[in-house]
Every structure is written in structure tokens, then in C-alpha cells.
Amino acid sequence: MENDNTIGYVVGGSLKENLNVRLTVSPQAVQEGSFVVIDSGDWRFYGLVTDLVLGATDPRFADEQSERRLPPRLAGLLHGQTLYTNLEVLPALMLERGPDPADPRYPAWRMAHTEDPRPIPIKTVPSHHAPVRRAEAGDVAEIFGDPNKKGNFIIGYTREQLLPVCLDLDKFVQRSSGIFGATGTGKSFLTRIILAGLIQHDRASVLIFDMHNEYGPDDTASDTNQRIPGLKSKFHSKVQLVGLGRDTNIRGATPDFHLEIAESDITPADIEMLTRELNLRETTSTTLNALVGEFRDQWFRRFREMKPGATIETEDGKKIPAPDSVEAWANQAGVNVMAALGLHDKLRKVFYLPYIVERPAGDAISEIIHSLEAGRHVVLSFGDHESDLDYLLVTNMLTRQIRERWEQTTNEFRSGKSSREPRPLVIAIEEAHKLLNRELASQTAFSTIAREMRKYYVTLLIIDQRPSQIYDEVMSQLGTRISGWLGDDLDISAVLSGLAGREALRGMLARLQPREEVLLLGWGVPMPIPVKSRRYDERFWQELKGGSESKRSEAQILKELGF
Amino acid sequence: MTAIEIGRLLRASTTACVVGCRVSQANVPAFGGLVRIPLDAAYSIFGLIYDIRIEDDGLVRQLVTADNVPNDVILDNRVNRNVPVEVSVLHVGYEQHGRIFHLLPPRPPLSLDLLYTCRPEESRAFTGAGRFGYFRHILRAADLPVGELLAAHLRLANADHAEQGNHDWASAAVQELITLLRDDYPTLMTVLGALADTEAW
Amino acid sequence: MPVNYQQVLQQIREMGQQATQIEEQAQKLRAEAWRLFDQYACELDTLQQLVELAAAENPHLRCALPCQECLNAGFAALPIDSSYTLLAADGSQINPDRHASVEFGAINVGAIRVHPGQGRPPEEVVRSQMLFYHQLFTSNGGFLTDDVVALMRDIAERRELISLARQENSNGSDLIVTLTDGTLEPFREAKGQLPELEKLFETYLEVLRELAGLQVATAGYVDKPRSHLVINLLELIVLQKEGRLKQAGKDHPFLLIDDAYLFERILEPGQRSAVMAIHSPAVQSFTGELSLHFFYLNVGRPNHPYLSRVEIPQWVAASPRLLNLLHAALLSQSRMMGVRAYPYVLHRAHEIAVVGYSEREQLENMIIAELRRQGVPVGERSYKQVAKDASYS
């Protein structure tokens, strides 16, 4: 059955490749990424337009400008017949609609399917000439969720008809996910939107490692000079703003508390993670082991206090290492002196980090963990400590402890020792390639979390502009991938890795409108779809916080999007 | 409006027939025009005029060699003399018991059967029935001037439809032609070229 | 059976051997005839007396009789400045056939009425008369011969013309031309033989008189004439010179030559010759205003003369106005036919009148059908006819 939204009919294709659809409307009426629906028999198929191909029954029809030879009306009739446009449609899902209720087969079918069927991954193809139409609100809701239902968060709108596309937030937090896009493509805004949605939904706690102080406090847009509200100012006490270091203030705002790291909390693993950053040698672990072996949890302070190159004079005027020197200790511990000296020298950067103190003011880390367990959300702003070293060290240490904590809680819950189910936690990390690249993959807590922690209610939300540098094992764990425009082929391949229909989506990624559109894909999303991203503005906050997300009229949406 | 009698059948086959008639100003049949041959009360054959041939005879041949031909001689030849005019008609369908078919007629017409031009309502009924199935008879006749014939026919039929406010018939007809000829570029462009010259576009 | 080609071939060869000789002879004769013609062309009185003398010797003499115009004169037509009506008629017949399954005859007259220059299409008239039963027999019980039917046809043609002429006259037309194909003398040979023919002939003359009364320019048009009327006249001169006038009409010194030879040389395209009377036993019946005259008319083109012979009654010959009207009308009609000059209206009249074989069959079938409908038995074709039909089918 055809309706006004019909744009064509199936003329060929296969399950392995795309479906080919003959367009019955002007090609300008359809765009790449259009979400289409094909009804064939008892089944409904859902797919994505991935290509538009101009064709002609005879090349001469295309070569000859019939518009010059014939009157416009006649020339126009050739379009669609001898000159046509085919769509390539990537089929994604199918749904058994069953026969029409008026059909005699209906009662029997209904008995066999007491529940309304759900969409399933595509297993067959529609018949020739099955009508193809644009998805309507109902179709989008069927696949991506009803925007009016709690837990369905509007992430954006379909390109052509601006129908709301939702993320199921409960599902979203069950797996790690990623937000990608080249620099300047609006990742931060998108992240803000999702974080806001998660926080508002409040089924999981969110810990945000805010490396550039973007998410917690209010900010100003560099291009429009408009005020960008931060999570703290919108969610107030639900969000704890934590500053790294005692005196940090975050863009003029005072954090709720400060994070200082006790020297005694630092483990050799934390240091080894900084190998590349500090250019440490292979001998580092030997040296560290020796230090720990001797000084236990004071090794850091003790090592720091050693004086490299300190000498004393012996009675006979010979210069020998001073007892508090690095060399003296190395000799005594049986560790290579040069290795120890080298390590000490390189660790200088860490020794004097202002937020690493002997005795922190409070147990900020525990406080963070408690907040999270209690259902609040934490934004850890790094303040002025924006170097990669700060980032690597702090995030890793914190995450390690969190991981331990959540593992423990889960085990207690599972074994029946506790009736309290662990609160799901999402850890949002930016510049993820710094933490999750191949070299570090085995060393950081993050890769563990990415690979395993889903079982323990902890998932990652990674935000990155160089996905090709992220360890592919980690990438493959990401359920939902939200990507803005990417220019680098390797980055594109990384985002698409492990997904069906890669080639078709590749071009789509390169053609997204930066700052305006993103592509949702991955097995956390029912099917890949490009969307016009939601705007992070007052309106967004009104909708988010002012009760259920109110439906806006299409005219309002268009106005907002600048049409 | 009464149908104009054109003439009587000379010879026929299943696919076509030839009608002999007198030519005078009032009833000159048009190339591409739709005609009807009623065989009995319930059965009529529809045809399309694809050729009009005026044979010369000895007298006319002589008259053309004269320096001038007076008007009364011209009139005499047109009004009085049975200058044989042969109208060739391609069968495109038939009507039986009120139903129209775009198939070849089951029985051809017989000698001396009368042929009439179709009235506008008959033309509309025939050309509007079904989905232009009768075009295939025209397209199959390879030795006819297909492009010109279709252009002439479409122009005449379109006028009949437009009279009743139907301005879509011509477009639908051309669409069907394009569908039938989409793989035959030379023929399709010939047909469209001929159509382009008519005022219907 | 085909001819015996052996015999024929032989005879043709023999003819060929004579041909050159005969041609030489003919040339000499032509030169002589021409000389005499030229010499005596204006000696009208002399010639008239000569004819009288010759006729006394031979009552069956047939030749031209000069009137008032020199024989070698040519006359152009003057333009016609008034409107006129042109009527032509022709007929065809179906002769009764004893071998057919039913006996019947038919006379079909076709006539055409033209108003030249008035922009109206000409009108056609067809009149068909069937002959059945007693109409097929003469008063003495004989079956109708072809001659009789032909005469009936001629009369029917003229009757039609007079009927149309009357109509025209009553409509106010005063200039009327009527044309028929062939001579004005019907069946001059046969008429003496049957009472039917006499009666019919009388009727014929009556019609002519009526035409005279209406002052209609009546004419008979003879295409490609083979007549020797003027040559016969020249022969009298030769015979007289040789003292053999007794042989007038029997001896023919200029046998191989006809009048066309003379007049082709003197008539320009469009010109007529002098009007002459016909001296002939047959024409004695045509007296007074009916007496038969004729002239030659060149309807050809420059360097391509083409003659016709036009027979007219006396009342036309005596009227310069009617004569010129006739002359001009004939030229106009002939020129319409392009290079094969022949009056258009006569051709059309013939077309309208002609009855073809299929029509004959049709009529036969209609008659048989009617007889059967009436329950009357129908005859068969004679076996002779059946056999003929079979071998030619």
C-alpha cells in the first residue's frame, strides 16, 4: 500500500549488499541517511539510504539534453522512466507485522504471536516492487523508542522530517560507549547533552573527568560569546564539582571539595602507566619493586626525599654517596645506580605535583566514591593541571579504586551478603586515546573497565577525536558510538570497526555536517542513523528539567535549527 | 454529434483494413484519427488511420499537364467524380457488448462495411479504457511512420479529453510510451520529437 | 486459338517489301493533292459546280461542299465575353443477348452540365432505361439488333440534352452549347433497312429541330478524324481533268491520303478551318436548318498539330456568334486535358455513362432475383455461352 510518503519501490539488491530502490520522487527530495521503511508481505523492513545513483536505460538519454530538444513537459516525463535515480538502502531491521486484521489469516497469526513482535536484525529481503517510504514518527518511535517514555532521551532528529530519535538511557549505560568527531565538530556539546540526560534520568551515577573544565562550571562559547550553562549550575547539589588540588578554583567557581592524593596511595603500577609520558626505562619496574619492597607504602615519600648525587667526604677525602642519596640506596638495595638515578630524575615531575601531598586534607577519593554510590554525580575538574601527566595519573588512580570498590560491592550483592545492588556508574573520559591506546591498554584500569566492568556495573563513556589510536579491543566493546564528522580514513575505519555495512556508512561519516549532525551506530543502537543533533541551549534545559520532554512542533524545531 | 461516414471497406485482415471513399471537404478523414467500423449492433472494431492514399486516374493525370485547371473542373473532380481515395486503417481494438478491448479484433470487417469517424465521446471511451494497451499495435507496425502517427493521434485524442476537462490524458499516454520504448532510444526520440511539434505540449 | 504465325509472318514480309514503294507513291500523291488544294482553295464557285456535276453522275457521292470561306483559311476563336452553359451527353448500352440466362437490354445515358467560370461544381445526370420482353423485338418480330439499340441510345442522348437545354433556357440562359461524341448523323448506313429505324430517325430529327428552335450551339465531336471529305473533292478535280468524272466516288486517285494531311499544314493551334457542308446521300434527310456542316479544328500545340472534326447543323454554321461560341468552348475544354487534347465534358459524360461488365452482371442478378421472387422460372445460359465463358475464365 502506498501513501503520500512513498518515495520508491524495490528493484533489486541482496542481503549481503544493499537493496536497490527505484526513486519515484525527485532525487533532491531524498538525502543520504534518510530512514526508510519497506513493507513487503507480512514484514516491515527498516533501512538507511546510503547512496543515490543516477541511471539511464540507455546512456544516450543521459548524454543528450532532452530539455533542449523537447518542450519542458515532455522532457520532464523522461525523468523517472528513462532517466532515473536509484537509492542504495542498507537494510537493518525487520519486524513481523502479520496479516491485516481484516485478513482471514489474522486470527491464527495472532494466536501464534500473543505479544506484539519486536524488530529483529535483518534476515531476509523484501520482494521486488515493495513500496518504500520515509519513516514516520511511529516508525522512529518503534525502533528508537517513544520520546514520551521515561528513559528515552532525545539525542537528535532525523535529517529530513525532524522526527525525534531517542537513546534508551538504561541500555546506554549497560555498555561502554563513545562520542567521536574531529576537533571542532561539537563533541563537547554533545557530551554535555548526554551527560545532562544521564544525570536527569538518574539511574546511573556519572563521574566526569573534566580535563579542560568544560562540563562542571558555566562556560562561554568561543565563537558566539554566549553563555554555556554547566552541569553544576543546572543540577546544583546533585552534581559535585571536585577540583584537583587544594587551591583550585574552576573558572571562578569554588568546587564542592578538593582532591588531593596521598603519597601513600601511589603504587608502582600508577608510575609504570606513565612510562611513555615520563620516558621511563625498562629498568623502572625493578627499581620500583625494590623501593616498595623496602619502604612499603612510604616508598614514594622516601624516594622523593632521597637526594640524587648527594655525596659526603670520607676521612680520606674520597667522595662517596651520602647515606640519603639515591646512589647509596641503590647500592644498598642492589639496584642499578644509573637506573635509580634516572628514575628519580624522571619522577621529579610527579614528586612536586601540588596535589600529591603527604597528608591530604580529607579522603577525597573516598568521598568521591561515596557520592557516586549515594546516587550523586561527580565532575572532577582538573583546574590548572591540564597536562597529560596530570590526566593520566589522576584518572588512573581514581579509577583503580573505583573499580576495586565496585567489584567488591557487586560480589557482595551477588553472593547474597548484601541486598544492595550496586549503583551503575558511567565514567566519562576525554582524550581517551591517551589512556586507551595500545601501549597503555594493558596497564590502565580503563581497558579493564572497558573489557570487563560491565559485569560490575561500571561502563565508560569515551570522548575522543582520534579513535584510530584507541586500542581496537576497547573499541569493539563500545555498544553505542556517536560520531560527528571525521576526516581521517583511519579514524573512520576505527569508528566503523566490527560493524556490518561499514562501507556504506563510511562516506556518510565524511559527509556529516560538522557541529550539526552526528551518526549513531553500534550494536547499542537498533540501527545506524544520522541525526541532526539537539542544541544545547535554554530550550534543552527547559525540556529536560521541566517535566517530561515536551514535544515541540515541527515548526518550532525548524525555527530553532535555523530554517 | 453524429459520426461522419468515411467510406466502405475494400479489403481487410485481422490487423488492418483499407477503406475506399470519396473525398470532399466535409468528411476528409484525418491521419491519426480514430475510426469505428460497426459490424453489428454489439460489435464494433476501432482503428487508427495511418495512410490516406489518393490514387490518380487517367483523367487526373491528363488534367495536371494543362496550363491551368479551371475551378469548375477541380470542383467536378472533387464533388462528382469518384476519385478513388483509399484510407488505410490499423486495427487497435474493438468493443463488444459495451466492453472495450485493446486487443486485435476476433473477426475482421467485411467488404463494403461502413467506416465512421469516432465521435469525441467514443474516442474518449476507447483511449481512456485500460492502460493504453492499444499502443503496442502501433509500435509493432514497423513499416509505419510510428512517431508521426502517435503524435497525430495523441494530439487529436488529447483534444477530445481536454474538452471534458481531462488535461492529464496526454501526459499519461506519453508516460506509457516512454515505458514501452525505454530501451529503444531511436524510436522513442523520434516519437517524442514528433510530439514536440504538436501544440499539445 | 492463336493465329498461324507462319502464314502471318510471310504476309507481313510481303507487306514490308511493298512499303517503300507505297510510301514513295504516297508522297507523290500528297504533293499533287496539296498543289490542287492550294490552287483551288478559293475557287468556291468552281468547286460547287463540280460537285453538282459529279453528283449527277453518282448519286452516292460523298464529299465536302465549300460554303463561303476559302478552304485553306484558318480562323482563330474570339474570346467569349458572356456566360454560357455547356451540356454534354454520352451513352452506353447493353445489347440483348440470346445466350444469356435472361434477356434484357439497357441504355445508359450520362450527361453533365457545366457553367464555366461560375465557381459551381458541374452537375451529373444519369438516366438508365431497361428493355424487357416486347421491347426486345422489332415490329416485324425480329430480335433487336445492336444497330437499333445504338440508334435508340443516340436519341436518348439528344433527348437528355434537349431536356437539359430546356431547363437552362427557362432559367434564363440563352447561350447554350451541347456536345456529343461522334458524328451528328446516326447510323447512316443501316437506317434504311428497318421501319423501327425510320421512326427513330424521325424522332431524332425532331429533337434536332427543337434544339434549333432554342438556338443551341449543337455539335458532334469527332476525335482523330479519318475522313476524306475534302480529298474526295480534290479527286473530282483530277477526274474531271482526266475526263473521267463518271468515276466520281468510285475511282480514288488520292486513296491513301486523308484530310488531316492538308489541314495540319494550314491550321495553327486553336484555329478552325473553313466551314463546309457535307454532300452525302445520307444527309438528304437533314434539310434546311438541320443540314449538316463541318469544320476541322486544331486542338494541338505548336509543331504538334492535332485535328478534330466538328459536325454542326446549318443553324450553327450560319450564326457567327454560335459558331464562335462553339469554337471557343471546344478549345477551352480541350486545353483542360493538357497534352492529350479532348473536350473535358465529353470525357466526363462518357465516364458517367459507361456501364462495365460487373454492372452488367449485377443487373442480371437483380433481374434473376426478382423473377425468382415472383416464382417465375429463370432460363439458363446457352451451352455455347457456357463453353465460351469457361474457356475464357
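Residues numbered from 1 in each chain as written. Chains lettered and ligands numbered in written order. Predicted model: local features only at pLDDT ≥ 70, side-chain atom pairs only at ≥ 80, totals over all residues. Heavy atoms only, no water.

Some thoughts on the overall build of chain B
Right, on to step 1. Helix and strand counts for chain B come out as seven helices and seven strands.
Right, on to step 2. Walking chain B from its N terminus toward its C terminus, one meets helices and strands in the order β-β-β-β-α-α-β-β-β-α-α-α-α-α.
Right, on to step 3. Among the 201 residues that make up chain B, the fraction classed as buried is 50%.
Right, on to step 4. For chain B, contacts bridging at least 24 residues in sequence account for 71% of all contacts bridging at least 6.
Right, on to step 5. When the accessible surface of chain B is totalled, it reaches about 9,300 Å², and 51% of it is carbon and sulfur. (Helix = DSSP H or I, 4+ residues; strand = E, 2+ residues; numbered from the N terminus. Buried < 20%, exposed > 50% of the residue type's maximum accessible area, 1.4 Å probe, protein only. Contact = heavy atoms within 4.5 Å. Areas by Shrake-Rupley, 256 points an atom, 1.4 Å probe, with all protein chains shown as cover.)

Notes on the packing of aromatic side chains
Right, on to step 1. Counted according to the given criterion, the structure contains 33 aromatic pairs over all chains.
Right, on to step 2. Here W299 of chain A and F300 of chain A contribute two aromatic rings whose centre-to-centre distance is 5.6 Å and whose plane-to-plane angle is 90 degrees, an arrangement assigned as edge-to-face.
Right, on to step 3. Taking the relative accessible area as the measure of exposure, W299 of chain A reaches 1% and is therefore buried.
Right, on to step 4. By way of ring pairs, the aromatic residues F295, W299, F300, F303, W329, F351 and Y352 of chain A are connected into one cluster.
Right, on to step 5. Geometry around F294 of chain C places R309 of chain C over its ring, the cationic atom sitting 5.5 Å from the centre. (Phe/Tyr/Trp six-rings, centres within 6.5 Å; stacked < 30°, edge-to-face > 60°. Lys NZ or Arg CZ within 6 Å of the ring centre and 35° of its normal.)

A word on the state of the cysteines
Residues and elements named next belong to chain C.
Right, on to step 1. The full count for this structure, using the stated rule, is one disulfide over all chains.
Right, on to step 2. Sulfur-sulfur distance for the disulfide between C42 and C70 comes to 2.2 Å. The chirality of the disulfide connecting C42 with C70 is right-handed, given an S-S dihedral of about 125 degrees. A residue pair is termed long-range when its members are at least 10 positions apart, and C42 in the loop between α1 (5–40) and α2 (44–57) and C70 in the loop between β1 (63–66) and β2 (85–94) qualify at 28 residues. (Disulfide = S-S within 2.5 Å.)

Quick look at the pattern of salt bridges
It is possible for side chains of opposite charge to pair when their charged atoms get near one another.
Right, on to step 1. Counted according to the given criterion, the structure contains 66 salt bridges over all chains.
Right, on to step 2. E160 of chain C is the partner of R127 of chain C in a salt bridge, and the nearest nitrogen-oxygen pair spans 2.4 Å. Remark: E160 of chain C occurs in helix α3 (residues 146–170) and R127 of chain C occurs in strand β4 (residues 123–131); sequence separation between them is 33 residues.
Right, on to step 3. The class for R127 of chain C is partly exposed, based on a relative accessible area of 47%.
Right, on to step 4. Several salt bridges converge on common partners, so that one network encompasses D39, R44, R97, R133, E136 and D139 of chain A. (Salt bridge = Lys/Arg side-chain N within 4 Å of Asp/Glu carboxyl O.)

Brief notes about the nonpolar core
Right, on to step 1. Ranked by internal contacts, the top residues of the largest apolar core, which has 139 residues, are L207, F209, L231, V350, I427, I429 and L436 of chain A.
Right, on to step 2. Sorting elements by how many residues they give to this core places helix α17 (residues 388–414) of chain A first, with nine residues.
Right, on to step 3. In contact with L207 of chain A, other than residues within four places in its own chain, are I368, L372, V378, L398, I402, L425, V426, I427 and A428 of chain A.
Right, on to step 4. Membership of the second largest hydrophobic core comes to 103 residues, among which are L50, F143, L229 and I312 of chain C. (Core = buried A, V, L, I, M, F, W, Y, C linked by side-chain atoms within 4.5 Å.)

Let's talk about unusual backbone geometry
All names here are of chain A.
Right, on to step 1. Although it is not a glycine, N279 sits at a positive phi angle of roughly 60 degrees.
Right, on to step 2. The topology assignment puts N279 in the loop between α10 (275–278) and α11 (284–295).
Right, on to step 3. For N279, a relative accessible area of 53% puts it in the exposed group.
Right, on to step 4. The phi torsion at E431 lies on the positive side, around 45 degrees, for a residue other than glycine.
Right, on to step 5. Judged by its relative accessible area of 14%, E431 is buried.

Section: the side chain of R360 of chain C
Right, on to step 1. With respect to the element layout, R360 of chain C can be found in helix α10 (residues 357–373).
Right, on to step 2. Here R360 of chain C occupies a buried position and makes no salt bridge, while the nearest side chain of opposite charge, D97 of chain C, is found at 4.3 Å. (Lys, Arg positive; Asp, Glu negative; His and termini not counted.)

Brief notes about the interface of chain A and chain B
Right, on to step 1. Contact with chain A, which involves 15 residues of that partner, is made by 18 residues of chain B.
Right, on to step 2. Where chain A abuts chain B, roughly 1,700 Å² becomes buried across the two surfaces, and 64% of that area is made up of carbon and sulfur atoms.
Right, on to step 3. If you sort the residues of chain A by the area they bury against chain B, R73, L77 and Q81 of chain A come out on top, with a joint share of 36%.
Right, on to step 4. The tally of links between chain A and chain B comes to zero salt bridges.
Right, on to step 5. Applying the counting criterion to the chain A and chain B interface returns five residue pairs in polar contact (both at pLDDT 80 or more).
Right, on to step 6. Elements supplying a minimum of two residues to the side of chain A that touches chain B: α1 (59–63) and α3 (72–78) of chain A.
Right, on to step 7. If you tally residues by element for the side of chain A that touches chain B, the top one is α3 of chain A, at four residues.
Right, on to step 8. Considered class by class, the residues forming the side of chain A that touches chain B number six nonpolar, three polar and six charged. (Buried area = accessible area lost by both parts, 1.4 Å probe. Polar contact = N/O pair within 3.5 Å; in protein donor to acceptor, adjacent residues only side chain to side chain. Nonpolar A, V, L, I, M, F, W, Y, C, P; charged D, E, K, R; others polar.)

Side note on the packing of helix α5 (residues 229–241) of chain C against helix α6 (residues 259–266) of chain C
All names here are of chain C.
Right, on to step 1. Closest axis-to-axis distance for the α5/α6 pair is 7 Å, and the angle between their directions is 105 degrees. By the angle between their directions, the pair α5 and α6 is classed as roughly perpendicular. Where α5 approaches α6, its residues L229, V230, I231 and L234 are matched on the opposing element by D259, L262 and F263.
Right, on to step 2. Tallied by class, residues from the contact of α5 with α6 come to six nonpolar, no polar and one charged. (Axes fitted to C-alpha atoms, helices over the stretch in contact; angles between N-to-C directions. Parallel < 35°, antiparallel > 145°, perpendicular 65-115°, else oblique.)

With respect to the sheet that holds β2 of chain C
Residues and elements named next belong to chain C.
Right, on to step 1. Read across the sheet, nine strands follow the order β1-β7-β8-β9-β6-β5-β2-β3-β4 without closing on themselves; strand pairing throughout is mixed. A strand with exactly one partner marks an edge of an open sheet, and here the two such strands are β1 and β4. On average, each strand axis in the sheet is inclined to that of its neighbour by 30 degrees, with strand direction left out of account.
Right, on to step 2. Taken strand by strand, α2 contacts β1 and β7 (276–279), and its axis lies near 140 degrees from that of β1.
Right, on to step 3. α5 rests against β1, β7, β8 (292–298) and β9 (307–313) of the sheet, and its axis sits at about 80 degrees to β1. (Pairing = 2+ DSSP bridges.)

Quick look at the sheet that holds strand β11 (residues 205–210) of chain A
Residues and elements named next belong to chain A.
Right, on to step 1. If you walk across this open sheet you meet the twelve strands as β9-β8-β25-β24-β23-β10-β22-β21-β11-β20-β14-β15, and the pairing is mixed. Single-partner strands in this sheet number two, and they are β9 (164–168) and β15 (257–259). Each neighbouring strand pair of the sheet contributes to a mean axis angle of 30 degrees, computed without reference to strand direction.
Right, on to step 2. Pairing analysis gives four bridges linking strand β10 (residues 177–180) to strand β23 (residues 480–483), with the strands arranged parallel. The residue of β23 that forms the bridge with I179 is I482.

Observations regarding the confidence of the model for chain B
Right, on to step 1. Scored by pLDDT, chain B comes out at a mean of 87, with 92% of its residues at no less than 70.
Right, on to step 2. Of all the helices and strands in chain B, helix α1 (residues 58–63) of chain B carries the lowest mean pLDDT, 81, while strand β6 (residues 99–101) of chain B carries the highest, 95. (pLDDT = per-residue confidence, 0-100.)

Let's talk about the interface of chain B and chain C
Right, on to step 1. In this assembly, 16 residues from chain B lie in contact with 22 residues from chain C.
Right, on to step 2. Note on chain B versus chain C: buried area summed over both sides is about 1,400 Å², and carbon and sulfur give 56% of it.
Right, on to step 3. Broken down residue by residue, the surface that chain B buries against chain C is led by Q62, D72 and N80 of chain B, which jointly contribute 37%.
Right, on to step 4. Linking chain B to chain C there are one salt bridge.
Right, on to step 5. Notably, a salt bridge pairs D76 of chain B with R348 of chain C, separated by 2.4 Å at the nearest N-O pair.
Right, on to step 6. Where chain B touches chain C, the interface holds seven residue pairs in polar contact (both at pLDDT 80 or more).
Right, on to step 7. Of all elements in the fold, only α1 and α2 (71–80) of chain B reach the threshold of two or more residues within the side of chain B that touches chain C.
Right, on to step 8. Per-element accounting of the side of chain B that touches chain C gives the leading share, eight residues, to α2 of chain B.

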